[in-house]
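Each chain, written out:
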Amino acid sequence: MGKKYKCIYCNKKYERSALVTHINRMHEDMIPQDYTTERLVFDICNNKDVGNGHGSCNICKSPTEWDPKSGRYKVYCSDECKKKMRENAQKNMIKVYGKETLLDDVEWQEKHMLANRKISGKYKFKDGGYVSYTGSYEHKLLEFMDQVMDISSEDIIAPGPTIEYNYNGKKKNYITDFYYLPYNLIIEVKDGGDNPNKTNMPETRAKTVAKEDAIVKLGKYNYLRLTNNNFIQLIDIFIDLKEQSRSDEPDKKVTHINEHAGFGCALPRTDVTPHVYLVDYKLGNKRAVGVTNNVIGDYLMCVDNKALAKKKMEDIKDASCNIFQYNGDDSVDLLKKLFEDYKSKKTVSDDYIFELFTGHKKLCDEQLECYDFLTPIDIEAKIECFRTAMATFEAEYKYACNGGKLDPLFEVLDVQKLRYVNNLLKDTPMVKVFQDLNEEYFAVNLMTGKRTVGEKDIYNISEAMINSILV
């Protein structure tokens, strides 16, 4: 049970998300002018002056305005302070390279730090602004943020803040890739997964860990390590940051460290507990067990001809496939051994993965169902929950970009379709199905605002989709 907050209009207490719904329904006409319900509840939960709430500029400490995109007050109060922040970042960057006398020579900085790479350049956003990049992965990220997420070029600083860290007993500095202003978010772009950078891996990895530890300990920024241009990771942290703004600790920093997009890359960090899933699948006339760290990913590790091999999930998935989440506290050690045996091309038995993660000999095909540390996963439900998170995020983002205005929605009027909807929603009175201007149907949880993806055919809205917006 989360913390409850008192409604300023009727003194009834609700959890944060429920308070938003309550005020929308019961006191909408009392919301201050130029305020949204979300901002009002933010003020209430953070002991701000309701009706006159504001943030504090990171540069000059002046009041900052509400940012509907991020669901919190802005980090900077003006373009001048944004410019000052950029200048500070440039000064720190030059300081790292020992060029204090060239602080104002931006052309020099770009020439010496960017132009020496053929894959470097400037990306032009739809709004006409430019953001520098130093590699193809960074270019693709900027393109995604511009074309898909409709992010303003003014909200991205490249390079990002300079961070001081310790490595081998010496103080060092490193320049982060990007800084996204609305979410106070550092984004570090890494390759990996199907395209790992193998240059001096142990030292590179050790430095990465030291840098990220420094960011976490600093407690000043939210942080994302974006791996292999898997933009699901970007949207995932945006969703978390949006939820964080509504939580009881809106200023608590969020860190997402994505090791890789699939198996076959660097060993997992020992200070981050990875997700581990055992995949029980059909192999000829018998059952086999593989392991993956991404239940909706592309690859898994399995045994092939007495050796560990990486296979595509699509090659082994069928209706008989069962997936279990491993909940043991030794997952890091087990993955480390798995990777070491994979790298050394060790000869293993057909049941190697099963025995490694269960600690027992395999006696029958149903044995995985007997262990308390393995939880069966409904893969279709998990995928549906992800689709729901994406649809909800896109709707909220569009709402913010439209100045807090919703697109027109229509209720289901067709008698036959309405009969189907009523039967589908008979046990969920808080859910309703609408149709939008694109002639797509979708379900909405009226209490939480979660929504399913749109479907052209109303009969494609399933029970699994409804369940995904109830959690």
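Residues numbered from 1 in each chain as written. Predicted model: local features only at pLDDT ≥ 70, side-chain atom pairs only at ≥ 80, totals over all residues. Heavy atoms only, no water.

Check the secondary structure of the protein chain and you find 13 helices and 24 strands. Taking all 471 residues of the protein chain together, the buried fraction comes to 44%. Carbon together with sulfur atoms contributes 48% to the accessible area of the protein chain, which is approximately 25,400 Å² in total. (Helix = DSSP H or I, 4+ residues; strand = E, 2+ residues; numbered from the N terminus. Buried < 20%, exposed > 50% of the residue type's maximum accessible area, 1.4 Å probe, protein only. Areas by Shrake-Rupley, 256 points an atom, 1.4 Å probe, with all protein chains shown as cover.)

Let's shift gears to a negative patch on the surface. Taken together, the side chains of Asp-79, Glu-80, Asp-127 and Glu-154 present a region of like negative charge at the surface. Relative to the assigned elements, Glu-80 resides in helix α3 (residues 79-96). (Patch = residues over 30% accessible without salt bridge, like charges linked within 9 Å, V, L, I, M, F, W, Y side chains within 5 Å. Salt bridge = Lys/Arg side-chain N within 4 Å of Asp/Glu carboxyl O. Lys, Arg positive; Asp, Glu negative; His and termini not counted. Charge placed at Lys NZ, Arg CZ, Asp CG, Glu CD.)

This brings us to helix α2 (residues 37-45). Of all 9 residues that make up α2, 8 are buried, and the element is covered over most of its length. Looking only at α2, the buried set comprises Thr-37, Arg-39, Leu-40, Val-41, Phe-42, Asp-43, Ile-44 and Cys-45. Taken from the residues just after α2, Asn-47 is the one with a positive phi, measuring 55°.

Once that is clear, we can look at the sheet that holds strand β14 (residues 222-227). Taken together, the 5 strands give an open sheet; going across it, the order is β9-β12-β13-β14-β15, and neighbouring strands pair in mixed fashion. Only two strands of the sheet have a single partner each, and these edge strands are β9 (156-157) and β15 (255-257). Across 2 bridges, the pairing between β9 and strand β12 (residues 178-180) is antiparallel. Counterpart to Ile-157 in the pairing with β12 is Tyr-179. Here helix α5 (residues 136-147) sits on the sheet and contacts β9, β12, β13 (185-190) and β14; the angle it forms with β13, its principal contact strand, is near 135°. (Pairing = 2+ DSSP bridges. Contact = heavy atoms within 4.5 Å. Axes fitted to C-alpha atoms, helices over the stretch in contact; angles between N-to-C directions.)

What follows covers helix α9 (residues 331-343). Here α9 contains 13 residues, and its C-alpha end-to-end distance of 18 Å stays within 8% of the 18 Å for a straight helix at 1.5 Å per residue. One or two residues past the end of α9 sits Lys-345, with phi positive at roughly 55°. (Expected span 1.5 Å × (residues − 1).)

Here we come to the nonpolar core. With 30 residues, the main nonpolar core has Leu-141, Ile-156, Leu-185, Ile-187, Leu-234 and Phe-238 as its most contacted residues. Secondary structure elements with two or more residues in this core: β8 (130-133), α5, β12, β13, β14, α7 (231-245) and α11 (379-401). By residue number, the principal contributor to this core is α7, which donates 7 residues. In contact with Leu-141, not counting residues within four places along its chain, are Phe-178, Ile-187, Val-189, Leu-226, Asn-229, Phe-231 and Leu-234. By size, the runner-up hydrophobic cluster in this structure holds 22 residues, among which are Val-276, Leu-334, Phe-354 and Leu-368. (Core = buried A, V, L, I, M, F, W, Y, C linked by side-chain atoms within 4.5 Å.)

Here we come to the pattern of salt bridges. In this structure the tally under the stated criterion is 9 salt bridges. Of the charged contacts in the structure, one is a salt bridge between Glu-355 and Lys-361, with a shortest N-O distance of 3.9 Å. Given the relative accessible area of 23%, Glu-355 is considered partly exposed. Here Lys-361 falls in the exposed class, since its relative accessible area comes to 58%. Put simply, Lys-286, Lys-306 and Asp-350 are held in one network by salt bridges that share partners.

In this section: the pairing of strand β7 (residues 121-124). Strand direction decides the pairing type here: β7 and β8, joined by 4 bridges, are antiparallel. Directly across from Lys-122, in β8, lies its bridge partner Ser-132. Hairpin connection between β7 and β8: a loop of 5 residues separates the two successive antiparallel strands, and Gly-128 in this loop has a positive phi of roughly 95°.

Turning our attention to the packing of aromatic side chains. Following the criterion strictly, the structure yields 13 aromatic pairs and no others. In textbook terms, an aromatic cluster arises when at least three aromatic residues are bridged by ring pairs, as seen for Tyr-326, Phe-357, Tyr-371 and Phe-373. Between Arg-39 and the ring centre of Tyr-35, over which it is positioned, the NZ or CZ distance is 3.8 Å. Between Arg-451 and the ring centre of Phe-442, over which it is positioned, the NZ or CZ distance is 3.6 Å. (Phe/Tyr/Trp six-rings, centres within 6.5 Å; stacked < 30°, edge-to-face > 60°. Lys NZ or Arg CZ within 6 Å of the ring centre and 35° of its normal.)

Further remarks concern the confidence of the model for the protein chain. A residue-level look at the protein chain finds 82% of positions with pLDDT of 70 or above and a mean pLDDT of 79. Here helix α4 (residues 106-113) stands out as the element of the protein chain with the lowest mean pLDDT, 41, in contrast to helix α10 (residues 352-358), whose mean of 93 is the highest. Predicted confidence is poor over residues 96-116, with pLDDT under 50, and the contacts of this stretch with residues over four places away or in other chains come to 30 contacts. (pLDDT = per-residue confidence, 0-100.)

Our focus in this paragraph is unusual backbone geometry. A cis geometry characterises the amide bond from Ala-158 onward to Pro-159, with omega recorded as -5°. By the element assignment, Pro-159 lies in the loop between β9 and β10 (162-167). Despite not being glycine, Lys-345 has its phi angle at roughly 55°, a positive value. Residue classification places Lys-345 among the exposed positions, given a relative accessible area of 72%.

Here the focus is the state of the cysteines. Formally, a disulfide is one covalent bond, and it connects the sulfur atom of one cysteine to the sulfur atom of another. Tallied over the entire structure, the rule returns 0 disulfides. Looking at the unpaired Cys-7, the closest cysteine sulfur is the one in Cys-10, lying at 3.8 Å. On the accessibility criterion, Cys-7 (0% relative accessible area) is buried. (Disulfide = S-S within 2.5 Å.)

This brings us to the sheet that holds strand β22 (residues 410-411). Sheet strands pair via backbone hydrogen bonds, and the direction of the pair is either parallel or antiparallel. Judged by pairing direction, the sheet is antiparallel, and its 3 strands sit side by side in the order β22-β23-β24 without closing on themselves. Only two strands of the sheet have a single partner each, and these edge strands are β22 and β24 (441-445). Pairing of strand β23 (residues 431-435) with β24 involves 5 bridges; the strand directions are antiparallel. Bridge pairing in β24 links Val-433 to Ala-443.

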